[in-house]
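If you want the building blocks of each chain, they are given just below.
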There are 2 protein chains.
Amino acid sequence: MKRDSSLVTKAAITAVGSYVPEEVLTNHDLEQMVDTNDEWIRSLTGISERRIAKTPEHSTAFMAIKAAQDLCQKNNINPASIDVVLVATITPDYQVSSTAPYVATEIGATHAFAFDISAACSGFLYGMSTAASFINSNQYKRVLLIGADKMSSIVDYTDRTTCIIFGDGAGAVLFEPSTNDYGFENAIHGNDGVGRDYLNIHDGGSLHPINEHSFSAGKHYVRQEGRTVFKYAVKHMSETSNQLIAKNKLSPEKIDYVIAHQANKRIIDATTHHLAVAKEKVLTNIHKYGNTTAATLPLLLADFESSFKKGDKLLFTAFGGGFTWGAAYLTWNYDYKN
Amino acid sequence: MKRDSSLVTKAAITAVGSYVPEEVLTNHDLEQMVDTNDEWIRSLTGISERRIAKTPEHSTAFMAIKAAQDLCQKNNINPASIDVVLVATITPDYQVSSTAPYVATEIGATHAFAFDISAACSGFLYGMSTAASFINSNQYKRVLLIGADKMSSIVDYTDRTTCIIFGDGAGAVLFEPSTNDYGFENAIHGNDGVGRDYLNIHDGGSLHPINEHSFSAGKHYVRQEGRTVFKYAVKHMSETSNQLIAKNKLSPEKIDYVIAHQANKRIIDATTHHLAVAKEKVLTNIHKYGNTTAATLPLLLADFESSFKKGDKLLFTAFGGGFTWGAAYLTWNYDYKN
């Protein structure tokens, strides 16, 4: 039977963790690898450096485990008490055997239900809606949502249009039933399948399985048509965010922080310009991490956790491969304790 | 705030659709390709034939679209009224750009939020819990869940241990708020990351990216260690199903149908033996489709839809790569109308 939404258990983010590899790849390093330069990269993307997991064993799961352990250790969370482990990623350790079960086992989340979410740069945002729904169902109390991508495993370091953008990293948040009515409020998500022609790995899926030429032709690497992605990203992130602001009877001044996918500083600037949100409310860390795909939103939460106060109004927005996009409205649940 | 579970909107399956390719690959065909024979395949796996999408363009998304269209056409569902499109698959059309957004666009689900779920043979089962939670949240009213895999795109047709098992196909179900209190009741899911060493595609993930030897070494194909998978599958499907039966204060006699993942007839027999459920309640179609991974459960629903009556008690169980496993209890929501 249909019940009143106001009776649904609200989901809150109650803890945050993160991990980035130690190895730094600077713009000056890239100048030695492809025809590019620091000034051009910074003006075009806002990126000065990114982290790259150079050790082969430091896979997506490795980083996800580190981020989850950081969250558990800082907040005294017993991993065995976690009910669900979601990993948003487009660079799973393996195809077929997904990343989340391995992460769950390795961190000691021995009673968890675990699976991967695939929605590219919107993966963590979509995972937030999924995690919140699991709490709403009253079947699960602790949902660990991790966004993790080892983009360096699919980037062509001879392609100057992509290798300057992406970095590796992982972030994690814990969702629990809210005890104060602050938490995940609602979201609007959308998609357009036209996007798969503009941002993809050409070979390795069921449409174009790996063949004898895939490797030599570089068709196992991620490619994008930057201009089209830029246009769609700005349009859909800004439109969806404005729809969500209207839906919640908010105004730009009432938003405390915008947590936008860190794809490119110009996309962030153009999107938030359309939102008419004051610049200082738009959080960024793209200069030091680049675009870490599913990890950008939780890495922002981790970097700015100490700034958030109970009741702060956070607007999340993301755009990515598919195309997929969306926006979510969340009221922050706790004051930071060091 | 924490609310009473009895106040949560229950999710019901209200429509079913399916698609399998026309091309049949029989055991006799396989006798011409690898050292095997019909009798051995049937006694070992219960499979006589499987469907294979031989046309390259007939990808996972193609089949998912066909299954979704079948569902919409048979039930007069306007695709634009669908709020969420979930595709459970381990053979997405592309990496990076997931399959669900493309499926949503192609079927006309123009307002949907869409992403892929990766949990191998447990993908559809996990999708059921996810779809039900989206309904529980009161944020979404129509959730289309598709299980689709083109296993022939990752199977090595010179490996007689895997090529006899897998087939291609897609099934779809629609979840909506229940109007009669029959629907998705609850589930128990588990996992063990040890499994990724026993069932995987070795190359192509972030742990072992594609290299110049991947293709020639056949490391882009799915491999499994059958004996280990068999042992884990029987143990965890039967234990979890029995836990779920106890949790719901049911007994084996009260279950009307068991909808078990069609991995192998021997696994189904051994699992249901431990459940003490009468043999005729255990639905099978593995003889004609083989193991279609995320599509096995909805293909069973599609094949047996006319048998189900309102109020029937269905026990779902699955096991797959990861390892992932689980069981779900659902009461059927409608009487079949031709």
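Small disclaimer: the values here were computed from a predicted structure and weren't measured.

How each quantity is defined
- Residues numbered from 1 in each chain as written.
- Chains lettered and ligands numbered in written order.
- Predicted model: local features only at pLDDT ≥ 70, side-chain atom pairs only at ≥ 80, totals over all residues.
- Contact = placed C-beta atoms within 7 Å.
- Nonpolar A, V, L, I, M, F, W, Y, C, P; charged D, E, K, R; others polar.
- Pairing = 2+ DSSP bridges.
- Helix = DSSP H or I, 4+ residues; strand = E, 2+ residues; numbered from the N terminus.
- Buried ≥ 20, exposed ≤ 12 C-beta atoms within 10 Å, placed from the backbone.
- Least-squares fit on C-alpha atoms with pLDDT ≥ 70 in both.
- Axes fitted to C-alpha atoms, helices over the stretch in contact; angles between N-to-C directions.
- Domains from an automatic or database assignment.

Draft legend 1. Fine view of the interface of chain B and chain A. Residue-level contacts link 76 residues of chain B with 76 residues of chain A. Residues belonging to the side of chain B that touches chain A are distributed by class as follows: 29 nonpolar, 36 polar and 11 charged. When strand E5 (residues 113-118) of chain A meets strand E5 (residues 113-118) of chain B, the two strands line up antiparallel, connected through 3 bridges. Note on E5 of chain B: the bridge partner recorded for Asp-116 of chain A is Ser-118 of chain B.

Draft legend 2. Up close: helix H9 (residues 296-304) of chain B. Buried residues dominate H9 of chain B, accounting for 7 of its 9 residues. Listed as buried for H9 of chain B are Thr-296, Leu-297, Pro-298, Leu-299, Leu-300, Leu-301 and Ala-302 of chain B.

Draft legend 3. Geometry of the relation of the copies chain B and chain A. Structural alignment of chain B on chain A gives an RMSD of 0.0 Å, achieved by rotating through 180° and translating 0.0 Å along the axis. Here the symmetry operator amounts to a two-fold rotation axis. A shared interface surface links the copies, since 100% of the contact residues of chain B are contact residues in chain A too.

Draft legend 4. Examining the sheet that holds strand E12 (residues 313-320) of chain A more closely. All names here are of chain A. A sheet is described by the order of its strands in space; here 4 strands give the open sequence E8-E13-E12-E11, paired in mixed fashion. If you trace the sheet from one side to the other, it starts and ends with strand E8 (184-191) and strand E11 (257-260), each paired once. If you compare each strand with its neighbour and ignore which way they point, the axes differ by 15° on average.

Draft legend 5. Broad picture of the domain arrangement of chain A. Residues and elements named next belong to chain A. Partitioning chain A into structural domains gives domain 1 (5-177) and domain 2 (184-331). For domain 1 and domain 2, the distance between their C-alpha centres works out to 14 Å. Contacts between the two partners involve 46 residues from domain 1, matched on the other side by 41 residues from domain 2. The set of elements that each furnish at least two residues to the side of domain 1 that touches domain 2 consists of strand E1 (11-19), strand E3 (49-51), helix H5 (123-136), strand E6 (143-150) and strand E7 (168-177). Looking at the side of domain 1 that touches domain 2, the element that brings in the most residues is H5, giving 7 residues. Split by residue class, the side of domain 1 that touches domain 2 holds 24 nonpolar, 15 polar and 7 charged.

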